[in-house]
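Coordinate inspection notes
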Amino acid sequence: MRMYDIIARKRDGHELSDEEIAFFVGGYVAGDVPDYQAAALCMAIFLRGMTARETGCLTAAMARSGETVDLSSLPGVTVDKHSTGGVGDKTTLVVAPLVASCGVTVAKMSGRGLGHTGGTLDKLEAIPGLSVRQGPERFLQIARECGCAVVGQTDDLVPADRKLYALRDVTATVNSIPLIASSVMSKKLAAGPQCILLDVKCGSGAFMKDEGSALELAQAMVAIGEQAGRHTVALVTDMSRPLGNAIGNALEVMEACEALRGKAPEDLESTCVELAATLLSMAGKGSLAACRALARRQIANGEAFAKLGEMVRLQGGDPACLSDFSRFAQPAASREVRASRAGWICHMDTERVGVASMELGAGRARIDDAIDHAAGIVLAHKTGDHVRRGELLATLHASSDARLDAGEATLREAVSLCDERPPDTPHLLARVSAEGVEWLGWAARPSVRA
Ligand code: URA
């Protein structure tokens, strides 16, 4: 078998065989296939696409490329939740302890933020003392003891994805549905949960800017998960506005704590309850309606919040900071950004809001950039709100005035004020499972109605 022929066959629109895909993945990880041939194949896949069989086969070959995690020693059903990435997305910090407080185990490996999107590991590390580097035994021990553990992925998990993702990043081949689906799902399959819930973000702050491609990605990932024998469901949720009001690591942990105490902004509350209810229902805890009620009860009775404290303590963090926010790192400089005119906030370029947060120091432009845990944005208003001239739009936090200047300029570009009230946009768009697509708020989205 020759890599040249595999590239040529995909370039010409043929379906690759299982053997050809395994030859490519194995050869690339071993160093026998050079970057230039792997890049050429990624571009051919980007342009020609892959069938569901090819995508499933690519995912399985990638998942087998390194170590896999065995969660079978954990009690009950093991579940995982994965977001395709957005701005202000702190749902894991809410959903993992919430679900664990209902007796369902979440043993989860998360990632770091890059570019405009945040990462759960960076958020967790904003908690003084907390470590996301736990050995495999300790990871399982924490999950067994309190029902949830969220740690960093080891270097040996899916090495094929680490190499391929870095290559795609510099060859303009990230935005391909089969390549994204296989990248995400190979890591989920290798991490070992029985049930996988995918939160596919859709809108200006997401990878998938439009509903059609978000739905296609959700369907591709659900098909891969089910084909691999894991119960897999995807929720397509709105990312045309940041989720909640806080963007930035310590700020998002604080907002997650408020959410677990029943004081979340409405979009964050409804998204977290739906994610938690879907996971609980997948794990056999009852109907979706019963699981929504269960999730709300666990927030109201304080058990979900207590569970976060337990996980933080077991991962070496200071649980007292979850109730006393003065224990978090504090920003050196802050600034209020006020509306330059009266009007309706009719659009937020949410990717630009994420870039503003990165410029403030909350994110990284390059993989090895340092993070300022105290930096970020607290939005006072979002799309759909009316503001008076001079009214507070957002408060920015950073380490210097220069960073505040950069963040303010980008945030102002990202927020559009108009004279007309924009249509309401729903937070939950669709639920995709092996049974098909259930439309939630989909029809209310203006681009779908048109
Ligand atoms: N996230 C991933 O893990 N992989 C991709 O390809 C895109 C987003």
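Heads up: the structure comes first, above all this text.
This write-up is about the structure you can find in this document. Computed from a prediction, not measured in an experiment: that's the story for all the values here.

Cut-offs used in this document
Residues numbered from 1 in each chain as written. Predicted model: local features only at pLDDT ≥ 70, side-chain atom pairs only at ≥ 80, totals over all residues. Heavy atoms only, no water. Axes fitted to C-alpha atoms, helices over the stretch in contact; angles between N-to-C directions. Helix = DSSP H or I, 4+ residues; strand = E, 2+ residues; numbered from the N terminus. Left-handed = near helix turned anticlockwise from the far one by under 90°. Contact = heavy atoms within 4.5 Å. Nonpolar A, V, L, I, M, F, W, Y, C, P; charged D, E, K, R; others polar. Parallel < 35°, antiparallel > 145°, perpendicular 65-115°, else oblique. Pairing = 2+ DSSP bridges. Near = heavy atom within 4 Å. Polar contact = N/O pair within 3.5 Å; in protein donor to acceptor, adjacent residues only side chain to side chain. Areas by Shrake-Rupley, 256 points an atom, 1.4 Å probe, with all protein chains shown as cover.

**A few points about the packing of helix α2 (residues 18–30) against helix α4 (residues 52–63)**
One can describe the packing of α2 onto α4 by two numbers: an axis separation of 9 Å at closest approach and a directional angle of 35°. Regarding α2 and α4, the two cross each other, and that crossing is right-handed. Of the residues in α4, those in contact with Asp 18, Ile 21, Ala 22 and Val 25 of α2 are Arg 53, Glu 54, Cys 57, Leu 58, Ala 61 and Met 62. In terms of residue class, the contact of α2 with α4 is made up of seven nonpolar, no polar and three charged.

**A few points about the side chain of Thr 55**
Relative to the helices and strands, Thr 55 is located in helix α4. The contact partners of Thr 55, leaving out residues within four places of it in the chain, are Met 50, Pro 178, Ala 181, Ser 182 and Ile 224.

**Things to note about the packing of helix α8 (residues 159–169) against helix α9 (residues 177–190)**
One can describe the packing of α8 onto α9 by two numbers: an axis separation of 11 Å at closest approach and a directional angle of 150°. Overall, the two elements α8 and α9 adopt an arrangement that is roughly antiparallel. Taken as a pair, α8 and α9 cross one another with a handedness that is left-handed. Judged by residue contacts, Asp 161, Tyr 165 and Arg 168 of α8 engage Leu 179, Ile 180, Ser 183, Ser 186 and Lys 187 from α9. Within the contact of α8 with α9, the residues separate by chemical class into three nonpolar, two polar and three charged.

**So, the sheet that holds strand β6 (residues 246–247)**
With antiparallel pairing, the four strands of this open sheet are ordered in space as β6-β9-β11-β7. Taken across any chain shown, the strands that pair with only one partner, and hence form the sheet edges, are β6 and β7 (333–338). Note: strand β9 (residues 376–379) against strand β11 (residues 392–398), four bridges, orientation antiparallel. Its bridge partner being in β11, Ile 377 is matched across the sheet by Leu 396. Of the strands in this sheet, β6, β9 and β11 are in contact with helix α15 (residues 350–360), which crosses β9 at around 135°.

**A short note on the site of the ligand**
Taken together, Tyr 165, Arg 168, Ile 180, Ser 183, Val 184, Lys 187 and Phe 207 make up all the residues around the ligand. Between the ligand and Arg 168, the relevant distance is 2.9 Å, taken from an oxygen atom to a side-chain nitrogen or oxygen of the residue. Interatomic distance of 2.5 Å between a side-chain N/O atom of Lys 187 and an oxygen atom of the ligand. Expressed as a share of its isolated accessible area of 240 Å², the protein-covered part of the ligand is 89%. Elements represented by at least two residues in the shell around the ligand include exactly α8 and α9. Per-element accounting of the shell around the ligand gives the leading share, four residues, to α9. Taken together, the residues that form the shell around the ligand break down as four nonpolar, one polar and two charged.

Worth remembering: the numbers are spatial, not functional.
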